[in-house]
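Descriptive structure summary
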Amino acid sequence: MTVDDALLLDLARRGSADAVSELYERYWPLAWRWAYVATGNVVDAEDVAQDAICRAFRELSRHDSNRPFGPWLKRIVVNRAIDTYRRERRRTEWFEDLRPAVPDEDTVASDAVIAAVHDLPQQRRTVIVLHYWLGYGAEEIAQILELPYGTVASRLSRALANLRAILEEERVR
Amino acid sequence: VSDELEQLLGRVPDRVPAAPPETTARVRDEVLRAFRRRSPRRTLLVAAALALVAVGCFGAGRLASPTHAASDLTIGARPDVVDTQNGTPVTLFGTVPSGRSGESVQIEANECGLSGLFHELQGVRTEGQGVWSMPIPGNYPQSKVLDYIRTKTVYRARWNGHASETVTVYARPSLDLRQFVVKRRKPGQRNFGITVGGQQLKYRKRIVLERRVATNVWRPVKTVVVNGGLGLFWARVTKGQIVRARIPEGEAAPCYLPAVTPPWTVK
């Protein structure tokens, strides 16, 4: 029997360690993945995902029980990643752990895209990561970054244009 | 290029490696340790509250039987507020410490305004991971065993001689305001009828008729005493004014939550 999240959350709020453990099993892989795509390296992903999931369970009473847990946790991860990013300088390691020992055609193309995203100016890279890798719409990104919707849309459009130009340049080479 | 680019971008998250197992284990320990660190304090608070209640009950000669809380015998209710008019179905649920299926759990209830004692409601069996759940229907009569919830009710689970903490399901009474046309006594007066639902709200309950003077600002127009769940009255309000009826917290307590009717435009 699969116990649904809402029930587990209620039990966790009432002090059930088993419920917390089960929720952890369900959401840690997701938190890790979100943290990784937001930070681009294992070291920061570990810090961000751990801080975010500990905070989520510590502040479970602040979660609106009528809303799903996943998006709430994701937002905590993203906010934590943005804080980390603002505090620290960008690390040079960027998705290095993704590089396979024996690259094939797909991974080469994908690596080129990752490298192109890395080369983008920070503001444009942020909207690309939030939109394509974390699945947020332009309106949600505007809320997260506290920017007008139009600014986000324009950054997305310019970032894609930049990426296209970088990749075309790579092809010509 | 754009489609291909967007596809390539979209595929990147699929390549993210799984978290290292040692990190997963370390963070799990950290989460559970942080969670348990809070639990002893919570348990002490609950124990203190239970002790106070027990002393109070013993003084009043109402202590039914000695109980103590088992650490992971839990109970919850969803939703925890019901509407007595529309009948809200509620699900009680919880876990037993053994985590095994097929365990017998007794559910007990204590309804506000009745004996003040817990009585046995129904037995349930746990399923996987020691989880049990019990639905309570929203409208009477859907079950011969269970009544629907008509007033604030406190529930607890009993398993293997242990009693869980309690969970309270609150009830919001139904309140209905109607304007009806009769021969007016004076110009400007309008006639209204108000009904209040709720077993414990039948007699001498004061309901306030309010009119809206600004956004979210309401001013009392008249207080009406309702007997037998029904009150007929007139009030000096003008056509087009927005009014509502409200049962204040002091009148609704202890068995109900305060309630208001939807805003009504005077005809």
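1. A look at the overall build of chain B
Of regular secondary structure, chain B possesses 3 helices and 16 strands. Taken across its 267 residues, chain B has 40% of its residues classed as buried. Partitioning the contacts of chain B with sequence separation of at least 6, the portion at a separation of at least 24 is 58%. In the form shown here, chain B has an accessible surface area of approximately 14900 Å², with 52% of it arising from carbon and sulfur atoms.

2. A few points about the interface of chain A and chain B
At the junction of the two partners, chain A supplies 52 residues and chain B supplies 44 residues. Summed over both partners, the interface of chain A with chain B buries about 4300 Å², with 63% contributed by carbon and sulfur atoms. When the shortest N-O distance is used, the salt bridge between Arg33 of chain A and Asp14 of chain B registers 3.5 Å. There are 13 residue pairs in polar contact (both at pLDDT 80 or more) connecting chain A and chain B. Counting only elements with at least two residues in the side of chain A that touches chain B, the list comes to α1 (5–13), α2 (17–39), α3 (42–58), α5 (105–119), α6 (122–133) and α8 (149–172) of chain A. Looking at side-chain class alone, the side of chain A that touches chain B contains 29 nonpolar, 7 polar and 16 charged residues.

3. So, unusual backbone geometry
Cis geometry is found at the peptide bond from Arg78 of chain B to Pro79 of chain B, where omega equals -5°. Its location among the elements puts Pro79 of chain B in the loop between β1 (76–78) and β2 (81–83). The backbone phi angle of Glu146 of chain A is positive, close to 55°, even though this residue is not glycine. Here Glu146 of chain A is to be found in the loop between α7 (138–145) and α8. Even without being glycine, Asn160 of chain B reaches a positive phi, approximately 55°. Along the chain, the position of Asn160 of chain B falls in the loop between β7 (153–159) and β8 (162–172).

4. Re the sheet that holds β2 of chain B
Residues and elements named next belong to chain B. One open sheet holds the 5 strands; their spatial order is β2-β8-β7-β4-β5, and the pairing between them is mixed. Two strands in the sheet have a free side with no partner beyond their single neighbour: β2 and β5 (119–125). Taking the axes of each pair of neighbouring strands and ignoring which way they run, one obtains an average angle of 30° across the sheet. Two strands pair when backbone bridges link them, and strand β4 (residues 104–111) and β7 are joined in this way by 6 bridges, in the antiparallel orientation. In the strand pairing of β7, Asn110 is matched with Val154.

5. A few points about the packing of aromatic side chains
Centre distance and the angle of the planes are the two values used to describe a pair of aromatic rings. One pass over the structure, following the stated rule, counts 7 aromatic pairs over all chains. Centroid distance Trp28 of chain A to Trp32 of chain A: 6.4 Å. Interplanar angle 45°. Geometry classified as tilted. Taken together, the positions of Trp28 of chain A and Trp32 of chain A, both in helix α2 and 4 residues apart, correspond to about one turn of that helix. Ring centres of Trp32 of chain A and Tyr36 of chain A lie 6.2 Å apart, and the angle between their planes is 40°; on these two criteria the pair is classed as tilted. In this pair, Trp32 of chain A and Tyr36 of chain A are both assigned in helix α2, 4 residues apart and thus about one turn of the helix distant. Residue class for Tyr36 of chain A comes out buried when judged on its relative accessible area of 0%. An aromatic cluster is defined as three or more aromatic residues linked by ring pairs; in this entry it consists of Tyr24, Trp28, Trp32 and Tyr36 of chain A. Taking the ring centre of Tyr136 of chain A as reference, the NZ or CZ of Lys74 of chain A above it sits at 4.8 Å. In this structure, Lys222 of chain B packs its charged tip against the face of Trp234 of chain B, placed 3.9 Å from the ring centre.

Calculation criteria
Counting restarts for each chain, with residues numbered from 1 along the sequence as it is written. Labels follow written order: the first chain is A, the first ligand is 1, and so on. Since the coordinates come from a predicted model, pLDDT governs what is reported: local features require at least 70, and pairs of side-chain atoms require 80 or more to be given and counted, while whole-chain, interface and lining totals use all residues. Hydrogens and water are ignored here; the side-chain numbers use all heavy atoms of the structure. Secondary structure elements are defined from DSSP: runs of H or I of at least 4 residues count as helices, runs of E of at least 2 residues count as strands, and each element is numbered from the N terminus. For every residue, the accessible area (1.4 Å probe, protein chains only) is compared with the maximum for its type, and the residue is labelled buried under 20%, exposed over 50%, or partly exposed between those bounds. In this description, contact between two residues means that some pair of their heavy atoms is separated by no more than 4.5 Å. Here the open area of atoms and residues is found with the Shrake-Rupley method and a 1.4 Å probe, where only the protein chains shown may cover a residue. Put simply, buried area is the surface a 1.4 Å probe can reach on two separate parts but cannot reach once they are joined, added for both. Salt bridges are defined by distance alone: a side-chain nitrogen of Lys or Arg within 4 Å of a carboxyl oxygen of Asp or Glu. Counted as a polar contact is a pair of N or O atoms within 3.5 Å, where, for protein atoms, one must be capable of donating a hydrogen and the other of accepting one, and residues adjacent in sequence contribute only when both atoms are in side chains. Three classes are used: nonpolar for Ala, Val, Leu, Ile, Met, Phe, Trp, Tyr, Cys and Pro, charged for Asp, Glu, Lys and Arg, and polar for all others, with Gly counted as polar. Being paired, for any two strands, means DSSP has found at least two bridges between them. Under this scheme, a helix contributes an axis fitted over its contacting stretch, all axes are lines through C-alpha atoms, and angles between N-to-C directions fall in the 0 to 180 degree range. Centre distance within 6.5 Å is the pairing criterion for rings of Phe, Tyr and Trp, where only the six-membered ring of Trp is used; planes under 30 degrees apart are then read as stacked, over 60 as edge-to-face, and the remainder as tilted. In this analysis the charged atom, NZ for Lys or CZ for Arg, is taken to sit over a ring once it is within 6 Å of the ring centre and within 35 degrees of the ring normal.

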